[in-house]
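# Survey of secondary and tertiary structure
So you can see what is in the structure, the chains are spelled out below.
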Amino acid sequence: MLRYVLRRIVLTVPVIAGILLISFLLTHVSGDPTDLILPPDTPDEARALFREKHGLDRPIWVQFYVFSLHALQGDFGNSLRFHEPAVKLVTDRLGATTELAMAAMALAIAVGIPAGVVAAYRRNTAADVAIRAVSLFGQAVPSFYLGIVAILVFAVWLGWLPSGGRGTLAHLALPAITLALGLVALIARTTRSCMLDVLNQDYVRTARAKGLGEAPVVWVHALRNAFIPVLTVIGLQVGFLLGGVVVTETVFSWPGVGRLAVQAIYARDFPVVQAVVFFFALIFVIVNLIVDLLYAVLDPRIGYR
Amino acid sequence: MIRSLRSVALAAIVSAAAIGSAPAETLVVAQNFDPQTLWPNGTTASDNLNAGSAIVEALFWVDPDGEEFKPLLAESYELEDNTTVLVRLRPGVRFTNGEPMDADAVVHSFNVFIDPAKTPAYARVSDPFQSVEKVDDLTVRMRLKYPFPPIRLALSQLYIVPPGYWNEVGLEAYGQRPIGTGPFMFDSWARDDRLEMVVNPDYWGTLPEGIDRIVWRPVPDDISRAAGLTTGEYHIAANLAVASALDVERQDGLKLVAVPSYRIYQVILSSLPEHASPLLDKRVRQALNHAVDKQAIIDNLLFGYGVPLRGQVLREPQLGFNPDLEDYAYDPDRARALLAEAGHPDGFEITFKFPSGRYAQDREVSEAVAGMLAEVGVRTNMVVLEPGEFLRQLRAKELQPMAFVGLAPQDDPDLQVSQYHSSWRYAYLNNPELDALIDAGKQEMDVEKRAQIYRDAMTLMYDEAPIIFLYGGVDFFGTSARVENSHARGDGRFFFYDVALR
Amino acid sequence: MTDQPAPAPAAPDARPRGQWGLVFGRLMRKPAAIFGLAILLLFIAWALFPALFSPQDAYAQSLVRRLRPPSFLDRGVDGYLLGTDHLGRDILSRIIHGARVTLLVSFFAVLIASVVGIWAGLLAGFVGGTTDAVILRLIDMQLAFPVVLLVIALVAVLGPSVTNLIILMGLSAWPRFARIVRGSVLSVRGLEYVDAARSIGAGRSRILVHHILPNILSAIIVYASFELARMVLLEATLSFLGLGVQPPTPTWGGMINDGKNYLSISWAASLFPGIAIALIVLALNLLGDELRDALDPQLSHD
């Protein structure tokens, strides 16, 4: 077990290194930050000084060498806009993003898995149809639209919740629900689909034949086995969540990493883009390592090689 | 929430006791973005400047009411000759850390200002300055490299910082925690969430009435910003979209402040020989101007909130505006006739680039323009660009042969017109006659002669039609009806001098 | 579902030749499947022959009759059934024309994603070892990479076009298929019949095609219907970021994005394209579910 974890952690290194290399190349070919950070009428000498100060005048391979050297020590350089270390800009906002993403994920799991189990167990009944119809809604509406409609309805018309910002639970409600809606659908449907598969497997029938009650059969035997693909989907959705916070944080003025990321990409603030990509990749890899470990806990047939 | 309520209440009691007037409260301002730095000379972005200049003040300022030039930390200036400026400072002003605001502070700030490595964003207006010397404690003499007619503009952008504190913490840390002479002092800053300032009780001038604290909230989405104003979460929401502006206008308890902006919307029609296209022919460029119904765009897409350009790029209150010019009339028949005359009786096909998300309504105005051009046979291949890529192409002269842009130079005819000088890095024309006029205006210190030069330049540009003259933008600020005397300016700036919260 | 006596499990490789005919027959007995198919066919017809269905020119602008509500309401204009957009164009005609690019982009993106993803997933799950490790690392790299950054950078370099958009969107989604397929392969690999097939000496590719693929097909189909919906929304999000399909070509996502700015003046401009997206998502999901059930003989008894 420990050997497996260590091996996986070692394997993470090339993944993150690869991501950093690709994102470095992509950001550097996508434009010059000088154009975006200084006003368009800035004289050439001032532009040249800016480029020199931030090392943008050097050949790209030299820039990459310098970047790698510092990155190895956990230093992604200073933001071109904020005059602060890029890593600090990201870590300062990580808490807000984690809060939002965890709330959304918890909400989605708390609603999605029971809904999926009920839908599978009561297949083709009114409950199944209702669950499928509602989860459909979350999938069919772009989150930027959903967020805006939510603000207009709950903040402006009804006056129940604040329109944006971070602070109390009331501030968290709208962005978390908006972010969760797209996930609930996916989790509920995957659960339903996998439960249907499992409910017809031999061991479930055996359990039933042995006279176990319906509830333990469904909630323990079946769900435990249906959980593996559901877990895969949840693990993959961490990437979706990190992408989703980009839009949700912008619409609800949530002070998180997603908003920082999109502004950094637009401004070609290379160090910040690199730092965000690094942290997103790290979180993603860690979560999926945990998911893979959980596989083995849930299904002894999967061994560690 | 509770904590801030308590602090408001506490502050209210304290100030009511001190002044014995109506209790002061917190003013909440929502802008698009969190400031990158609070040192005003760090960037030219209006979100940064609005917040930063509440703490750090300049020598002069341009009041948007009548665009009047008014003293702040200076009392007056005089031109000793074309390249020497004598500035007299306001006596008795101190920074909030106790340092005196005097000639030494100005000399220090001046030397930072003219160093393009430290203030690259201001290089265009700081370039003419050569050196400064202290005459006495309250007088400095600045020397210029060459005569610079927009000297007032430059003096209104030189912000004065305390040399002791600056040297102690350095440029970067200063921007994160500035000390100045302004009506407010830095208090706390939770990035991307809230920036708080408290009133400066020892302020040298008149403090805004009824306000003891300002909270700045960055709210990037246009609709959320307007929503928060409606729900009373913000007292001021900057930079509203036009549909939200209409909502604000309709609501009781809210005020809409619509400010004609310095931004001039236009369609580049490249006449550079290396950008081969039918636009090289002046008649074609004029035809396109006749083909676009600019008034219909202003009346409908902009709900009336746009300023007709009258066939020139200078705005009506600006020096050099030519009142004799009228814009190309909307006349599709005339457009078709001119196209036929130029050898395109059936129109032609052309690439039309525009940004999506760079300017207010950029995408829909571009689509409307393309629709109107199609009516006279000019079929456009529309190419939408991400804002960053759009700016790169603008500077690389790749926005050709035709592109929608909104250029917002600083408020001076030279800074506006030199964008059409052939040596300018994003000039899509090369006209020696226009170059000569621009060169002459740049050096002319006599106001009337200078105005005439620009009027001539406007007449020439009108005839050459290097652009489709579209409209001047309008910026929208929404405020609570309790906010009085808000000074919003056409460059996205607003100021707290004489503001009152009642 | 009652405790009825279980039928003998059918060996997957014993399915008759005409199994697709059988599946289709089963499908056609389900109202939900017929409904889903009908909507899908209607949208495909719109995509193929938009001019036949459109009441108006989808590109004709009129600034004086912009942002009007549906024709049956106050201020509506006759002939503009669902109202007009911010440039006075007919919303219904734009939805009909929009079906073409919306469906084209989404279908091909999912096609690319599923072909690449299934292939990689099967390979990883079945071959295992170093191949598995390498593919897993590639998947992780792709999944952990922010799509927006990828799209901005590549569109800036390659230039915006429908083809580039399809390829980018497709490549951004392949790992999800690969992960699901790999996970499913791992879970069926240990099952008895696969072991049995292997023990009688069936070759790898035979086991792959005859034993594993049919078993994971339902999971793939359900997932593909999801991904299609996601692609429709991704295109919407990209146009929100200024990176979508070039105007004036209508797409449903682009129409929502344009319409959202005017929510307080006209709800029609963003609601109706939203309904079109909801309908296609509904149709695909119903079809996916029913197809899945029809493919699974064990479920066909109730």
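Reading the values: rules and limits
- Residues numbered from 1 in each chain as written.
- Chains lettered and ligands numbered in written order.
- Predicted model: local features only at pLDDT ≥ 70, side-chain atom pairs only at ≥ 80, totals over all residues.
- Heavy atoms only, no water.
- Helix = DSSP H or I, 4+ residues; strand = E, 2+ residues; numbered from the N terminus.
- Buried < 20%, exposed > 50% of the residue type's maximum accessible area, 1.4 Å probe, protein only.
- Contact = heavy atoms within 4.5 Å.
- Lys, Arg positive; Asp, Glu negative; His and termini not counted.
- Charge placed at Lys NZ, Arg CZ, Asp CG, Glu CD.
- Domains from an automatic or database assignment.
- Buried area = accessible area lost by both parts, 1.4 Å probe.
- Salt bridge = Lys/Arg side-chain N within 4 Å of Asp/Glu carboxyl O.
- Polar contact = N/O pair within 3.5 Å; in protein donor to acceptor, adjacent residues only side chain to side chain.
- Nonpolar A, V, L, I, M, F, W, Y, C, P; charged D, E, K, R; others polar.
- Phe/Tyr/Trp six-rings, centres within 6.5 Å; stacked < 30°, edge-to-face > 60°.
- Pairing = 2+ DSSP bridges.
- Axes fitted to C-alpha atoms, helices over the stretch in contact; angles between N-to-C directions.
- 1 Å grid on protein atoms, 1.4 Å probe; cavity = no way out; pocket = protein on both sides within 12 Å on 5 of 7 lines; lining within 4 Å.
- Points joined across faces, edges and corners; volume = space filled by probe spheres on them.

Helix and strand content of chain A: 12 helices and 0 strands. Along chain A, helices (α) and strands (β) appear in the sequence α-α-α-α-α-α-α-α-α-α-α-α when read from the amino end. Per-residue burial over chain A gives 58% buried out of 305 residues. If you take every contact in chain A between residues at least 6 apart in sequence, the share linking residues at least 24 apart comes to 74%. Separation between the mean location of the 24 positive side-chain charges and that of the 19 negative ones in chain A comes to 14 Å.

A separate point is the domain arrangement of chain B. Residue and element names in this part refer to chain B. Examined at the domain level, chain B breaks down into domain 1 (8–238 + 481–501) and domain 2 (262–473). Computed over C-alpha atoms, the centres of domain 1 and domain 2 are 34 Å apart. On the side of domain 2, 16 residues touch domain 1, which itself brings 14 residues to the contact. Roughly 1300 Å² is buried in total at the junction of domain 1 and domain 2, and carbon and sulfur atoms are behind 56% of that figure. Interface area lost by domain 1 to domain 2 is led by Glu 67, Arg 124 and Pro 149, which between them contribute 42%. Remark: the boundary between domain 1 and domain 2 carries 0 salt bridges.

Residue-level contacts link 54 residues of chain C with 53 residues of chain A. When chain C packs against chain A, close to 5400 Å² is buried across both sides, 65% of that on carbon and sulfur atoms. Along the contact surface separating chain C from chain A lie 1 residue pair in polar contact (both at pLDDT 80 or more). Going through the elements one at a time, helix H5 (129–143), helix H6 (147–158), helix H7 (162–189), helix H9 (204–240), helix H10 (252–260) and helix H11 (268–295) of chain C are the ones with two or more residues in the side of chain C that touches chain A. A breakdown of the residues in the side of chain C that touches chain A according to their chemical character gives 33 nonpolar, 7 polar and 14 charged.

The next thing to look at is the interface of chain B and chain C. Counting residues at the interface gives 24 residues for chain B, matched by 24 residues for chain C. The largest share of the area that chain B buries against chain C comes from Arg 363, Glu 367 and Glu 386 of chain B, three residues that together contribute 27% of it. In this assembly, chain B and chain C are joined by 3 salt bridges. Ionic pairing is found between Glu 364 of chain B and Arg 66 of chain C, a salt bridge with its closest N-O pair at 3.8 Å. At the junction of chain B with chain C, the criterion picks out 7 residue pairs in polar contact (both at pLDDT 80 or more). Among the secondary structure elements, those contributing two or more residues to the side of chain B that touches chain C are helix H8 (242–250), helix H10 (294–301), helix H12 (362–375) and strand S15 (378–385) of chain B. With 6 residues, H12 of chain B is the largest single contributor of residues to the side of chain B that touches chain C.

Bringing the packing of aromatic side chains into the picture now. We describe a pair of aromatic rings using the distance from one ring centre to the other and the angle between the two ring planes. Summed over the entire model, instances satisfying the criterion amount to 38 aromatic pairs over all chains. Between Phe 110 of chain B and Phe 129 of chain B, the aromatic rings sit 5.3 Å apart at their centres with planes inclined by 80°, giving edge-to-face as the arrangement. Here Phe 129 of chain B lies in strand S6 (residues 129–136) and Phe 110 of chain B lies in helix H3 (residues 103–113), a separation of 19 residues in the sequence. Assessed through its relative accessible area of 3%, Phe 129 of chain B is described here as buried. Measuring from ring centre to ring centre gives 5.5 Å for Phe 477 of chain B and Phe 494 of chain B, while their planes differ by 80°; the resulting arrangement is edge-to-face. Of this pair, Phe 477 of chain B sits in strand S17 (residues 467–480) while Phe 494 of chain B sits in strand S20 (residues 494–495), and the two are 17 residues apart along the sequence. The pair formed by Phe 477 of chain B and Phe 494 of chain B is uniform in burial state, with each residue classed as buried. One aromatic cluster is present, formed by Phe 24, Phe 64, Phe 67, Phe 76, Phe 278 and Phe 279 of chain A through successive ring pairs.

Residues and elements named next belong to chain B. Burial analysis of helix H9 (residues 282–291) places 8 of its 10 residues in the buried class, which makes it a mostly covered element. Turning to H9, its buried residues number three or more, namely Val 284, Arg 285, Gln 286, Ala 287, Leu 288, Asn 289, His 290 and Ala 291. Its side-chain oxygen placed 2.8 Å from the backbone nitrogen of Arg 283, Asp 281 serves as the N-cap of H9.

Let's shift gears to the pairing of strand S1 (residues 25–31) of chain B. All names here are of chain B. By the criterion of burial, S1 is predominantly enclosed, with 6 of the 7 residues buried. Where S1 lies against strand S10 (residues 211–218), 7 bridges are found, and the strand directions are parallel. Bridge pairing in S10 links Val 28 to Val 215. Relative to strand S11 (residues 236–237), S1 runs parallel, the two sharing 2 bridges. The residue bridging Val 29 from the neighbouring strand is Ile 236, located in S11.

Residue and element names in this part refer to chain B. With antiparallel pairing, 4 strands are arranged side by side in an open sheet as S4-S5-S7-S6. Looking along the sheet, the strands with just one partner apiece sit at the ends: strand S4 (74–81) and S6. The average undirected angle you get between the axes of adjacent strands in this sheet is 20°. Looking at chain direction, S4 and strand S5 (residues 84–89) are connected through 6 bridges and run antiparallel. Directly across from Asp 81, in S5, lies its bridge partner Thr 84. On the sheet, H3 packs against S5, S6 and strand S7 (139–144) and is oriented at approximately 175° with respect to S6.

Here we come to empty space enclosed by the protein. Counted under the stated rule, the structure contains 10 cavities of 30 Å³ or more. Of the pockets and cavities examined, the largest cavity occupies roughly 930 Å³. Lining the largest cavity are 48 residues, and of these Phe 240, Gly 243 and Gly 244 of chain A together with Arg 230 and Leu 234 of chain C sit closest to its centre. The calculated volume of the second largest cavity comes to roughly 200 Å³. Lining of the second largest cavity is provided by 22 residues; of these, His 83 of chain A together with Gly 42, Thr 43, Lys 118 and Pro 120 of chain B occupy positions nearest its centre. The dominant element in the lining of the second largest cavity, judged by the number of residues it contributes, is helix H6 (residues 163–176) of chain B, at 4 residues. Residues of the lining of the second largest cavity, tallied by class, amount to 9 nonpolar, 9 polar and 4 charged.

Let's shift gears to the side chain of Arg 81 of chain A. Positionally, Arg 81 of chain A belongs in the loop between helix H4 (60–71) and helix H5 (86–121). Relative accessible area serves as the criterion here: at 7%, Arg 81 of chain A is assigned to the buried category. Within the structure, the side chain of Arg 81 of chain A is placed 3.0 Å from the side chain of Asp 269 of chain A, a separation counted as a polar contact. Residues contacting Arg 81 of chain A, with those up to four places away along its chain left out, are Ile 37, Gln 263, Ala 264, Ala 267 and Asp 269 of chain A together with Gln 36 of chain B.

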